[in-house]
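Next come the chains, spelled out residue by residue.
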Amino acid sequence: MAITDQELGVFKSIGNNDKAAIEAVYKENYSLIQYFVTNNNGTEDDARDIFQEAMMVLYEKSRLPGFELTCQIRTYLYSVCRRLWLKKLQHSRRIETKVENFDQIVQVEEDIEEHDKLNLQYQTMRTAMGKIGEPCKSLIEAFYVHRKNMLEIAGFFGYTNADNAKNQKYKCLVRLKKLFFAQYKNA
Amino acid sequence: MEQFELAEVVERYLTGEMGPEEKHAFEEMRKNNPELDQTVVEYHFFLEQMGRYGEIRRFKSNLYDTHQTLQESGEIKELQLTAGTRIVNMWNKYRRVVAVAASIAGITALFISGMMTIFNPKTPFRDIEELRRKVSNLEKQSSNQRAEFNKFKTKIAPGSDVKFGGTSFMIDPKGYLVTSAHVLKGAKKIYVQSIQGEDFLAEIVHQDANSDIAFIKINDQDFESPKQLPYGFTRIQTDLSEAVYTLGFPKDEIVYNEGYLSARTGLEGDTMSCQITITANPGNSGGPIFNKNGEVIGILNARQASANGVVFATKSKNIFQLIETLKQRDKDINIKLRNTSSIKGINRAQQVKKVQDHVYMVKVILG
């Protein structure tokens, strides 16, 4: 099946964290994945987790400069979900019968390996963030996750001016860096 | 140079915020100082990771929000299927028969329901009103002013809007609170506010839509856990006509109301809840219902839309049960409910004085 320009547009927008695109893809595909997972020994929660992880893979691919979408988003998502779910079933030894196959699939093994690697890095940072404690955690999140500027942060955390907040941010950053690399070497 | 000052310089260098002269000088320094060079390389990698971490978090939160909105608007639904492969096989085999049967049944059902709507008087679709509160801008201001008056800085970021409010109360001094699950619907961040006006950041531990109970935990370094709660929880059925009272936040200040138990079951004979005649308004959801001994008999969660003063509360029994199932699933959760109440026998005003410190306003930020 040919890939339309519209489809490519949606694919690019996913990489830009575009809400409308995410919603469109969600609406279009969620029930298929939900049906697939719940009919293969999975729960509603499993379906949501698997779908959202597949969306992460799609997001990572979309951000990759050289990557070209060679099949429809639906086919791609389905293939990734299928693979992820199989892995999970095998991991938990819940697998008893062959997983139902009711759609065309594409090869996604390498994409998922790549995703696992990136996910490991994400988890490493997450663990480090979990260890740093307050107010550092909130401060760093405010800057790097919620993209607040130093002035807003100063107001929010009760620093007298942006410079004080900035100093505090860098003190936190030094600590986080240490925690991150300690974690990274263990991983 | 202090470590943190170095961090600032390196970040400025890496994000390209340095002027050409400064950049040149820095690069010279880097060339002559291998230790600095190493630090720059480390920071480069670290900040890249940090940036990616932020991006992923933003994407994930978007995914989460989308799921919530689509679920609320009904565009994605829970299937409630637990079918194994056997059922799938049967489904494949009998698909056609089922389809024919279903369409016949469907047409009949449509016909009947069509007849029903034609011949029946109109009744409201849902005769129940959940009592979470929409928070207006004016209230937010006055709340902030009060908090400042009491020397507490509000912790809620200026950009984020408190959209809904309700009531919650402590069930375990370790910082566990209970409230109605619907109060937290769509919540991205939750703060609870004490009667003194101090905000604490809280997180959802578990929510159960079926019994409309949610557990949250205060996760805030400013929070000092009390030694013991003055009130206990009872599983015993309360008698009809027994006096009860509640505390809640239908406005920005704690409000007391009293009434009596009017039926042992809730709406349409729901045995998980009971019916109380009391005044309750949006914002009262999640509030404790105490009996005369100061024991919690339930959590207020809704009122009948078509009747006056008919309020429903989830029975305390459900809290006990939910904790049991939670403990089986997660060993880390250690919520203990007190059985006895230390305010038994003292007059109502004194009871309320002791109890009110443990009732918190819930502020829900949708993100």
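Note that the coordinates shown come from a computational prediction; the quantities given were computed from them, not determined experimentally.

> Any details on the overall build of chain B? Residues and values, ideally.
Across its full length, chain B holds seven helices and 15 strands. The buried share of chain B, taken over its 367 residues, is 31%. At a minimum sequence separation of 6, the contacts of chain B that also span at least 24 residues come to 67%.

> Explain helix H1 (residues 5-15) of chain A to me, and be specific about the residues and the numbers.
Spacing of three or four residues puts side chains on the same side of an α-helix, whose turn is 3.6 residues. Residue and element names in this part refer to chain A. Of the residues making up H1, those classed as buried are Val10, Phe11 and Ile14. For H1, the angular spread of buried residues about the axis comes to 100°, placing them on one side. Among the exposed residues of H1, those pointing more than 90 degrees away from its buried face are Asp5 and Gly9. A positive phi of about 55° marks Asn17, the residue just after H1.

> Run through the environment of Val9 of chain B, naming residues and quoting values.
Tracing the sequence through the fold places Val9 of chain B in helix H1 (residues 3-14). Between the C-alpha atom of Val9 of chain B and that of Val40 of chain B, which follows or precedes it by 31 residues, the distance is 9.7 Å.

> Explain the confidence of the model for chain B to me, and be specific about the residues and the numbers.
Mean pLDDT for chain B: 83, with 86% of residues reaching 70 or above. The ipTM, which scores confidence in the relative placement of chains, is 0.86 for this predicted complex, and the corresponding pTM is 0.48.

> Mind laying out the pairing of strand E14 (residues 310-315) of chain B, listing which residues take part and the relevant values?
All names here are of chain B. Across the six residues of E14, six count as buried, placing the element largely inside the fold. Examined bridge by bridge, strand E11 (residues 273-277) and E14 share five bridges and lie antiparallel to one another. If you follow Ile276 over to E14, its bridge partner there is Val311. As judged from the five bridges shared by strand E13 (residues 295-304) and E14, these two strands associate in the antiparallel manner. By the bridge assignment, Leu300 is partnered in E14 with Ala313. Hairpin connection from E13 to E14: five residues lie between these consecutive antiparallel strands, with Gly309 at a positive phi of about 70°.

> Report on unusual backbone geometry, specifying residues and quantitative values.
Residues and elements named next belong to chain B. The residue Asp212 is not glycine, and still its phi comes out positive at about 60°. Position of Asp212 among the secondary structure elements: in the loop between strand E6 (199-208) and strand E7 (213-218). Note on Asp212: 24 C-beta atoms within 10 Å, which makes it buried.

> Got a sec to walk through the environment of Ala307 of chain B? Specific residues and values, please.
Residue and element names in this part refer to chain B. Take Ala307: it is sitting in the loop between E13 and E14. Take Ala307: there are 11 C-beta atoms within 10 Å of it, and that puts it in the exposed class. Taking the C-alpha atoms as reference points, Ala307 and Asp127, 180 residues apart in sequence, are found 9.0 Å from one another.

> Any chance you could break down the packing of helix H7 (residues 150-157) of chain A against helix H8 (residues 162-186) of chain A for me, citing the residues and the numbers?
Residues and elements named next belong to chain A. Their axes nearest at 8 Å, the elements H7 and H8 cross at an angle of 90°. It follows from the interaxial angle that H7 and H8 lie roughly perpendicular. Taking contact as the criterion, the partners of Met150, Leu151, Ile153, Ala154 and Phe157 in H7 are, on H8, Ala162, Asn164, Ala165 and Lys166. Among the residues forming the contact of H7 with H8, the class breakdown is seven nonpolar, one polar and one charged.

> Before we move on, could you go through the packing of H1 of chain A against helix H2 (residues 19-38) of chain A and cite the residues and values that matter?
Residues and elements named next belong to chain A. Put simply, H1 and H2 touch, their axes get as near as 8 Å, and they point 120° apart. Taken together, the axes of H1 and H2 lie oblique to each other. Considering how the two elements wind past one another, H1 and H2 form a crossing that is left-handed. Contact with H1, carried on its side by Val10, Ser13 and Ile14, involves Ala21, Ile22, Ala24 and Val25 of H2 and no other residues of that element. Considering only residue class, the contact of H1 with H2 consists of six nonpolar, one polar and no charged.

Conventions and cut-offs
- Residues numbered from 1 in each chain as written.
- Chains lettered and ligands numbered in written order.
- Predicted model: local features only at pLDDT ≥ 70, side-chain atom pairs only at ≥ 80, totals over all residues.
- Helix = DSSP H or I, 4+ residues; strand = E, 2+ residues; numbered from the N terminus.
- Buried ≥ 20, exposed ≤ 12 C-beta atoms within 10 Å, placed from the backbone.
- Contact = placed C-beta atoms within 7 Å.
- Arc of directions from axis to C-beta.
- pLDDT = per-residue confidence, 0-100.
- Pairing = 2+ DSSP bridges.
- Axes fitted to C-alpha atoms, helices over the stretch in contact; angles between N-to-C directions.
- Parallel < 35°, antiparallel > 145°, perpendicular 65-115°, else oblique.
- Nonpolar A, V, L, I, M, F, W, Y, C, P; charged D, E, K, R; others polar.
- Left-handed = near helix turned anticlockwise from the far one by under 90°.

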